[in-house]
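Breakdown of the fold
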Amino acid sequence: MTDKNLDTLFAQLGGAIDAPTGGVVPVIQPATTFVRDTNNVPTSPHHLYSRDDDDLVRLAEDLLCQAEGGEAALLFPSGMAAVAALLRTVPTGGRIVLQSDIYWGTTKWTRDYCARRNVTLDEVDLANTEARDAVTGKADVVWAETPSNPYLKSVDIAACAALAKSLGAVLCVDSTAATPVISNPLKHGADYVMHSATKGINGHSDVLAGLLVTAEAASKRWTDIRADRHDAGAVLSPFAAWLLIRGMRTMPLRVERMCASAMTVAEAMEAHGAVSHVLYPGLASDPGYDIAKRQMSGGFGSLLSIRVAGGRQAALAAIGRLKLFKRATSLGGVESLVEHRHTIEDTVPDDLLRLSVGIENADDLIGDLVQALEG
Ligand SMILES: *Cc1c(COP(=O)(O)O)cnc(C)c1O
């Protein structure tokens with residue numbers, strides 16, 4: 001783990017400056033290629049071709065690696081590219097144990113990949129101890145997502161790490177909804193942590209990026225992932241990396257505020273008669289509360305779901321009346337978002353509204369929800 005506090009590390013970008021000018025902000029290097037001198041020696045040994053040689057990408061990877069307490073990190077041009085980079089290491093005839101009811105994009109991609117490659121796929125509710133303990137045999141990868149999207153289930157990472165070990169598999173945790181600020185899955189025994197950096201890490205809904213961090217940089221799987229990123233070219237552009245770094249500087253501050261506001265919103269929703277359920281790991285009434293408390297520190301995330309007591313029609317009426325929460329997919333940005341997941345994912349209950357709490361004033365957000373629920 002880093003010896004610096006995360007707020008200091010990210011505010012100062014680990015001390016990075018633009019060396020030639022002393023600028024306190026690192027610059028974008030748009031060049032795709034770099035010259036060699038008259039003896040054919042590269043001008044800089046670390047700059048040959050930008051597919052693998054971008055300093056901003058390296059800086060962001062270094063900071064995020066420190067934040068997660070890993071040995072190495074790789075950025076990808078989207079969260080899904082990071083998911084695919086890890087799961088594509090499972091060979092034909094292999095087996096993936098995938099947490100059920102998680103981010104739909106991960107489920108869909110994995111189902112398609114497994115069907116195409118003759119990989120056995122077991123979708124298991126890893127938040128359910130009995131279901132988890134019933135998994136036996138051999139596997140290549142166990143994939144968990146905690147808190148899960150959109151049900152906010154908390155999964156015991158240490159127990160999943162033990163499961164993965166018993167199957168001869170590695171454990172990868174999608175920690176997007178937590179961010180590296182409040183949870184570090186590698187510390188609880190995960191082998192890999194994955195993030196959609198599009199969400200809380202960037203935090204401004206203006207760049208797509210994905211992250212993998214490994215606990216063991218020397219492993220064959222990591223070597224293969226690194227080689228495949230280089231060879232297949234799934235890299236972040238210098239401009240996207242700059243935006244990501246710009247967003248990351250305030251990540252600890254944003255996450256602290258958003259977690260505090262999400263907690264207040266969750267409590268207000270739990271107390272409101274028009275809401276039948278609040279799904280949020282920070283509520284003492286939540287089935288995953290004890291696990292979340294053990295695995296998270298400084299907050300429980302900015303994502304929560306509510307189920308509207310009046311059912312589908314009441315949920316749709318309420319979402320239509322919201323003024324501050326923007327009706328849009330995604331999460332983890334400074335602006336609050338709301339989504340009726342059932343509209344695009346029909347297995348999600350039709351009374352469920354997923355909320356991503358931003359950095360606006362929490363009383364304003366609660367006021368908006370209350371007026372929308374009360375019509
Ligand atoms: C958004 C998201 C992803 C995919 O990330 P993209 O950056 O959109 O490709 C994966 N997992 C979770 C939990 C997400 O919320």
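Residues numbered from 1 in each chain as written. Predicted model: local features only at pLDDT ≥ 70, side-chain atom pairs only at ≥ 80, totals over all residues. Heavy atoms only, no water.

**Topic: the site of the ligand**
- Surveying the vicinity of the ligand reveals 13 residues, the closest of which are Gly79, Asp174, Ser196, Thr198 and Lys199.
- Within the contact set of the ligand, an oxygen atom lies 2.8 Å away from a side-chain nitrogen or oxygen of Ser196.
- Notes on the ligand: free accessible area 380 Å², of which the protein chains cover 92%.
- Classifying every residue of the shell around the ligand by side-chain character gives four nonpolar, six polar and three charged. (Near = heavy atom within 4 Å. Polar contact = N/O pair within 3.5 Å; in protein donor to acceptor, adjacent residues only side chain to side chain. Areas by Shrake-Rupley, 256 points an atom, 1.4 Å probe, with all protein chains shown as cover. Nonpolar A, V, L, I, M, F, W, Y, C, P; charged D, E, K, R; others polar.)

**A closer look at the state of the cysteines**
- Inspection of every chain in the model, using the stated rule, returns zero disulfides.
- The thiol of Cys65 is unpaired, and the distance to the nearest cysteine sulfur, on Cys172, comes to 14 Å.
- Take Cys114: it sits in no disulfide, and the sulfur closest to it among the cysteines is that of Cys172, at 14 Å. (Disulfide = S-S within 2.5 Å.)

**Focus: the packing of aromatic side chains**
- What the rule picks out here adds up to three aromatic pairs.
- Taking the centre distance of 6.1 Å and the plane angle of 25 degrees together, the rings of Tyr192 and Trp222 count as stacked. Of the two residues, Tyr192 is situated in strand β6 (residues 192-196) and Trp222 in helix α8 (residues 220-232); the sequence distance between them amounts to 30 residues.
- Taking relative accessible area as the criterion, Tyr192 reaches 3% and is therefore assigned buried.
- Accessibility expressed as a relative area gives 1% for Trp222, which makes it buried.
- If you follow Arg229 out to its NZ or CZ, it ends over the ring of Phe76, 6.0 Å from the centre. (Phe/Tyr/Trp six-rings, centres within 6.5 Å; stacked < 30°, edge-to-face > 60°. Helix = DSSP H or I, 4+ residues; strand = E, 2+ residues; numbered from the N terminus. Buried < 20%, exposed > 50% of the residue type's maximum accessible area, 1.4 Å probe, protein only. Lys NZ or Arg CZ within 6 Å of the ring centre and 35° of its normal.)

**Some words on empty space enclosed by the protein**
- Considering all chains together, one arrives at three cavities of 30 Å³ or more under this definition.
- If you add up the space inside the largest cavity, you get close to 100 Å³.
- Lining of the largest cavity is provided by 14 residues; of these, Ala177, Thr179, Gly200, Met258 and Ser302 occupy positions nearest its centre.
- The greatest single-element share of the lining of the largest cavity, amounting to four residues, is contributed by helix α10 (residues 251-270).
- Split into classes, the residues belonging to the lining of the largest cavity amount to seven nonpolar, six polar and one charged.
- No fewer than three residues from each of domain 1 (6-248) and domain 2 (252-374) sit in the lining of the largest cavity.
- Computed from the structure, the second largest cavity encloses a volume of approximately 50 Å³.
- Looking at the second largest cavity, the residues that line it are Thr146, Pro147, Ser154, Ala178, Ser183, Ala292, Gln295 and Met296. (1 Å grid on protein atoms, 1.4 Å probe; cavity = no way out; pocket = protein on both sides within 12 Å on 5 of 7 lines; lining within 4 Å. Points joined across faces, edges and corners; volume = space filled by probe spheres on them. Domains from an automatic or database assignment.)

**What to know about the pairing of β6**
- By the criterion of burial, β6 is predominantly enclosed, with five of the five residues buried.
- The alternating pattern of β6 places Tyr192, Met194 and Ser196 and Val193 and His195 on opposite faces, both of which are buried.
- Pairing between strand β5 (residues 170-174) and β6: three bridges, direction parallel. Residue Val173 lies in a different strand from β6, and its bridge partner there is Val193.
- Pairing geometry for β6 and strand β7 (residues 210-214), over five bridges, is antiparallel. Bridge pairing in β7 places His195 opposite Leu211. (Pairing = 2+ DSSP bridges.)

**Considering the sheet that holds strand β3 (residues 120-124)**
- The seven strands lie next to each other as β1-β7-β6-β5-β4-β2-β3, forming an open sheet whose pairing is mixed. Every other strand in the sheet has two partners, leaving β1 (72-76) and β3 as the edge strands with one partner each. On average, each strand axis in the sheet is inclined to that of its neighbour by 20 degrees, with strand direction left out of account.
- Of the strand pairs in this sheet, strand β2 (residues 95-99) and strand β4 (residues 141-145) are connected by three bridges, and their pairing is parallel. From the neighbouring strand, Ile96 faces β4, where its bridge partner is Val141. (Axes fitted to C-alpha atoms, helices over the stretch in contact; angles between N-to-C directions.)

Geometric descriptors of this kind do not, in isolation, establish any biological role.
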